[in-house]
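Residue strings, one per chain:
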Amino acid sequence: MKGRFIVFEGIDGCGKTTQINELTTWLPSSGLMPEGTMLHITREPGGTELGKALRQLLLNPPKKIVPEALTELLMYAADRAQHVSEIILPNLNKGDWIISDRFSGSTLAYQGYGRQLDLDLINQLERIATQGLNPDITFWLDLSINKSIARRANFINDRIEAEGEEFLEKVAYGFSILAKERNWITIQAEQSKTYISKVIKEQLIHQFNFNKRTINA
């Protein structure tokens, strides 16, 4: 049986890393994963060796070298194409489970709504880079811009994070549109970490236990 693909989306500071770490501990003993199945944790950009190099160029490029918006989009697409081909599809086809910190939704939110690039063009690139792959479930951790900035007050911003409030407002709006269009699970990220974790686990149990019952029926 093909594995499961779980994605977390949201602006920086929303708690994706915290919740992914919690699932990394919980999922293998949850009873949801078939015996012998492995869990892989990955991210975009940077899920492959090539992706790590692209991540550095995208988020922390050499001084005075800033990629144009279209160049940025194509670099994210290249990272995703390599990620899908090298990491995601081979492991899903083995029956393994994958959790990814960001996937194609982030490109639509940041480069589409944030940079105002053509959404149809981005969707075409998405179909090419993903080879038609869609996550089994996507969690959007919805966090206000002010809260995001406050949570990251002691961190050094990368190039994208440093774009400012207006840019992030556009990105957050993009995420809200995508969450409705793609039936993502929306969770208010200002709630306690424990409560958010509980909701995520309940959603996974509901979806994947239901699928197991359907297969076994």
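Below you will find a few notes about this structure. Here the structure is a predicted model, which means the values were calculated and not measured. (Residues numbered from 1 in each chain as written. Predicted model: local features only at pLDDT ≥ 70, side-chain atom pairs only at ≥ 80, totals over all residues. Heavy atoms only, no water.)

## What about the overall build of the protein?
Of regular secondary structure, the protein possesses eight helices and five strands. For the protein, the α and β elements follow one another from N to C terminus as β-α-β-α-α-β-α-α-β-α-α-β-α. Radius of gyration (C-alpha) of the protein: 17 Å, near the 17 Å computed for a compact globule of 217 residues. In terms of its C-alpha atoms, the protein occupies a principal-axis envelope of roughly 55 × 35 × 30 Å. A buried classification covers 48% of the 217 residues belonging to the protein. A separation threshold of at least 6 residues defines the contact pool for the protein, and within that pool the share at least 24 residues apart is 81%. (Helix = DSSP H or I, 4+ residues; strand = E, 2+ residues; numbered from the N terminus. Rg over C-alpha atoms; globule rule 2.2 N^0.38 Å. Buried < 20%, exposed > 50% of the residue type's maximum accessible area, 1.4 Å probe, protein only. Contact = heavy atoms within 4.5 Å.)

## A short note on helix α3 (residues 69–93)
A rise of 1.5 Å per residue sets the reference length of α3, with its 25 residues, at 36 Å; its end C-alpha atoms lie 34 Å apart and thus fit the reference within 8%. Just beyond α3, the residue with positive phi is Gly95, at close to 95°. (Expected span 1.5 Å × (residues − 1).)

## Describing the side chain of Glu72
By secondary structure assignment, the location of Glu72 is in helix α3. Exposure remark for Glu72: the relative accessible area of 1% places this residue in the buried category. A polar side-chain atom of Glu72 sits 2.9 Å from a polar atom in the side chain of Arg115. The contacts of Glu72, once residues within four sequence positions are left out, are Leu58, Pro67, Gln111, Arg115, Arg159 and Ile160. (Polar contact = N/O pair within 3.5 Å; in protein donor to acceptor, adjacent residues only side chain to side chain.)

## Some words on the pattern of salt bridges
The tally for this structure, following the rule as stated, stands at twelve salt bridges. Close ionic contact of Glu49 with Lys52 constitutes a salt bridge, the shortest N to O distance being 3.0 Å. Highlighted residues: Glu49 and Lys52, both in helix α2 (residues 49–59), separated by three residues, approximately one helical turn. Among the ionic pairs, Lys94 bridges to Asp96, the shortest N-O distance being 3.9 Å. (Salt bridge = Lys/Arg side-chain N within 4 Å of Asp/Glu carboxyl O.)

## Brief notes about the nonpolar core
Of all hydrophobic cores here, the largest spans 48 residues; its most connected members are Ile6, Phe8, Leu27, Phe139 and Leu204. Examining the composition of this core, we find that seven residues originate from one element, helix α7 (residues 165–181), more than from any other. Contact partners of Phe8, with chain neighbours within four places excluded, come to Lys16, Gln19, Ile20, Leu23, Ile99, Ser100, Asp101, Arg102, Phe139, Leu141 and Ile200. Listed in part, the nine residues of the second largest apolar core include Val7, Ile88, Leu89 and Leu92. (Core = buried A, V, L, I, M, F, W, Y, C linked by side-chain atoms within 4.5 Å.)

## Details of the packing of helix α4 (residues 104–114) against helix α5 (residues 119–130)
Angle between the axes and distance between the axes are the two parameters that describe a pair of packed helices. Remark: α4 packs on α5, axes separated minimally by 10 Å, with the N-to-C direction vectors making an angle of 155°. Regarding the angle of α4 to α5, the classification is roughly antiparallel. α5 is crossed by α4, and the crossing has right-handed handedness. Contacts between α4 and α5 involve Ser104, Thr107, Leu108, Gln111, Gly112 and Tyr113 from the former and Leu119, Ile122, Asn123, Glu126 and Thr130 from the latter. For the contact of α4 with α5, the class distribution of residues is four nonpolar, six polar and one charged. (Axes fitted to C-alpha atoms, helices over the stretch in contact; angles between N-to-C directions. Parallel < 35°, antiparallel > 145°, perpendicular 65-115°, else oblique. Left-handed = near helix turned anticlockwise from the far one by under 90°. Nonpolar A, V, L, I, M, F, W, Y, C, P; charged D, E, K, R; others polar.)

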